Amino acid sequence: MDGRNRSDIKPGMEVAIVLKKDQVSGVLTEGYVKNILTKSQFHPHGIKVRLDTGEVGRVKEIYGEDDV
């Protein structure tokens, strides 16, 4: 799944995001969603989230949901 639909993303899910500094290179950072920052239901470049590490970026891939 890609990360363009807000309804597909929930706190605790494991995702891959692209950080602002990595947009040109396309390097992905993996982690767990802490907060969903994009208010709209769809964004063509990916929904913006904050990971539990504090990093902020747009979701490019969704891996799954944490069982917590």
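Residues numbered from 1 in each chain as written. Predicted model: local features only at pLDDT ≥ 70, side-chain atom pairs only at ≥ 80, totals over all residues. Heavy atoms only, no water.

Caption draft 1: Focus on the overall build of the protein chain. Looking only at helices and strands, the protein chain has zero helices and four strands in total. Helices and strands appear in the protein chain in the N-to-C order β-β-β-β. Relative to the globule expectation of 11 Å for 68 residues, the C-alpha radius of gyration of the protein chain, 11 Å, shows essentially globular dimensions. Dimensions of the protein chain along its principal axes, counting C-alpha atoms only, are 35 × 25 × 20 Å. Expressed as a percentage of its 68 residues, the buried residues of the protein chain come to 35%. Here the analysis covers contacts within the protein chain between residues at least 6 apart in sequence; of these, 51% occur between residues at least 24 apart. Between the averaged position of the 11 positive side-chain charges in the protein chain and that of its 11 negative side-chain charges there is a distance of 12 Å. (Helix = DSSP H or I, 4+ residues; strand = E, 2+ residues; numbered from the N terminus. Rg over C-alpha atoms; globule rule 2.2 N^0.38 Å. Buried < 20%, exposed > 50% of the residue type's maximum accessible area, 1.4 Å probe, protein only. Contact = heavy atoms within 4.5 Å. Lys, Arg positive; Asp, Glu negative; His and termini not counted. Charge placed at Lys NZ, Arg CZ, Asp CG, Glu CD.)

Nothing here speaks to function; it is geometry throughout.
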